[in-house]
Amino acid sequence: MTKRFNGKRLLVTGGAGFLGSHLCEKLLAEGAEVLCLDNYFTGRRGNIAHLIPNPLFEAMRHDITLPLFIEVDGIFNFACPASPIHYQHDPVATTKVSVHGAINMLGLAKRLKCPILQASTSEVYGDPNVHPQPESYWGHVNPIGPRACYDEGKRCAETLFFDYHRQHALSIKVMRIFNTYGPRMHPNDGRVVSNFIVQALRGEPITIYGDGQQTRSFCYVDDLVEGALRLMDTPKEVTGPINIGNPVEFTIKELALAVLRLTNSKSELITRPLPQDDPRQRQPDISYARSALGWEPTVQLEDGLKKTIAYFDDLLRQNGEI
Ligand code: UDP
């Protein structure tokens, strides 16, 4: 098979994060030279340690809220804390990385006349009252709530991308990422998949927020990265926004039961209060991704969970926790 990014020099911001590190890995496999940028707020060196010996890979510590002057052929903008615990830890910094970070990376793309792909999010739909969510839905976001720093930051970033496109004819690609899981998720990021797996492996109670009837649609990281590669590989006319996620919807209770079964855990299920502005339901409409990219997810939740469980099992053993 021909390599899709052969000889291209590509920048991945947030490259040491969960998604970024998988993206760096796949880009190298596709023949690219990769410059990985991270400020290591949620990214971890361990996520990219195996890539360091590769002469086509370079890691650089940098915070994209500050300008950057380098030469590349394309940019994947993935830098931003993405889990509620992390993005609410320093909400002002979250808005800054989304907005100032986007301005800096768009400015770089403008100078270099290179394409730039934005990792946007299903959070732009807020707590949606249209279900499933198509790209044409404008969303239902609380602009002053605890999730707003991320939701509105990412919405403003989308605005900037489309204004740079209209005003400066920049080639942009905006992907809206729905809940994604897999190896290298941060064990303490409070995300439901990592929480449940770590709790089940430690034999601790599984914390269900609210009644567990809220839904999410979980996409395995390999499928997500393939969507990003296909989107970057489209002609200039394809800008998105484009939903990339798995349309198979589960309740949080169903997820908890699947994790218990696959880990053979005896952990009990306990309930905790539902966080403020927690979306009731979320499911991507991926018709556009299917037609524009010929893309759809291929990994079933059960198979993805098994790989993710194996990763956390190794990690907890290495840390002497189990
Ligand atoms: N959740 C839960 N228990 C946990 C962590 C999360 O029940 O230990 C719920 C949370 O309230 C939400 C869903 O799982 O309804 C997904 O949460 P996550 O933080 O993974 O992502 P997001 O809310 O951004 O989709």
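Preceding this section is the structure that the text describes.
As the structure is a computational prediction, the values presented were derived from the model and not from experiment. (Residues numbered from 1 in each chain as written. Predicted model: local features only at pLDDT ≥ 70, side-chain atom pairs only at ≥ 80, totals over all residues. Heavy atoms only, no water.)

## Regarding the overall build of the protein chain
Keep this limit in mind: Helix and strand labels come from DSSP, where a helix needs a run of H or I of at least four residues and a strand needs a run of E of at least two; each type is numbered from the N terminus. The globule rule used for comparison is 2.2 Å times the number of residues to the exponent 0.38, while the radius of gyration itself is calculated over C-alpha atoms. Relative accessibility thresholds used throughout: buried, under 20% of the residue-type maximum; exposed, over 50%; partly exposed, between the two (1.4 Å probe, protein chains only). By the convention used here, residues are in contact when the closest approach between their heavy atoms is within 4.5 Å. Throughout, the Shrake-Rupley method with a 1.4 Å probe supplies accessible areas, and for residues the shown protein chains are the sole cover considered.
Of regular secondary structure, the protein chain possesses 10 helices and 13 strands. Relative to the compact-globule value of 20 Å for 322 residues, the protein chain shows a C-alpha radius of gyration of 19 Å, a close match. Dimensions of the protein chain, computed from the C-alpha atoms along their principal axes, are close to 55 × 45 × 40 Å. Going through the 322 residues of the protein chain one by one, you find that 57% of them count as buried. For the protein chain, the share of sequence-separated contacts (at least 6 apart) that also reach a separation of at least 24 residues comes to 81%. Split by element, the accessible area of the protein chain, about 13,800 Å² in all, is 52% carbon and sulfur.

## Remarks on the site of the ligand
Rules: Consider each residue's heavy atoms; a residue with any of them within 4 Å of a molecule or strand counts as near. We define a polar contact as two N or O atoms separated by no more than 3.5 Å, with the added condition that, inside protein, one atom must be a possible hydrogen donor and the other a possible acceptor, whereas residues neighbouring each other in sequence contribute only through side-chain atom pairs. Gly is placed with the polar residues, together with every amino acid not listed as nonpolar (Ala, Val, Leu, Ile, Met, Phe, Trp, Tyr, Cys and Pro) or charged (Asp, Glu, Lys and Arg).
The environment of the ligand is made up of 18 residues, and the closest members are Thr 207, Tyr 209, Arg 216, Asp 278 and Arg 282. Between the ligand and Thr 207 there is a distance of 2.6 Å, counted from a nitrogen atom to a backbone nitrogen or oxygen. Protein chains bury 96% of the 520 Å² of accessible surface belonging to the ligand in isolation. Of all elements in the fold, only helix 6 (192–202) and strand 8 (206–209) reach the threshold of two or more residues within the shell around the ligand. Of the residues assigned to the shell around the ligand, the class counts are seven nonpolar, five polar and six charged.

## Looking at the sheet that holds strand 4 (residues 74–77)
Keep this limit in mind: A pair of strands is labelled paired if DSSP reports no fewer than 2 bridges between them. Comment: axis = line fitted to C-alpha atoms, over the contacting stretch for helices; angle = value between 0 and 180 degrees taken between N-to-C directions.
Read from one edge to the other, the open sheet built from seven strands follows the order 3-2-1-4-5-6-11, with strand pairing classed as parallel. Single-partner strands in this sheet number two, and they are strand 3 (57–61) and strand 11 (242–244). Across the sheet, the axes of successive neighbouring strands diverge by a mean angle of 20°, strand direction being ignored. Bridging between strand 6 (residues 172–177) and strand 11 involves three bridges; their strand directions are parallel. Bridged to Arg 176 within strand 11 is Asn 243. Taken strand by strand, helix 4 (residues 91–112) contacts strand 1 (9–13), strand 4 and strand 5 (116–121), and its axis lies near 170° from that of strand 4. In the packing of helix 7 (residues 221–232) onto the sheet, the strands contacted are strand 4, strand 5, strand 6 and strand 11, and the crossing angle to strand 6 comes to about 160°.

## Digging into the environment of Leu 51
Within the secondary structure, Leu 51 is located in the loop between helix 2 (45–48) and strand 3. Along the sequence, Leu 51 and Val 34 sit 17 residues apart, while their C-alpha atoms lie 10.0 Å from each other.

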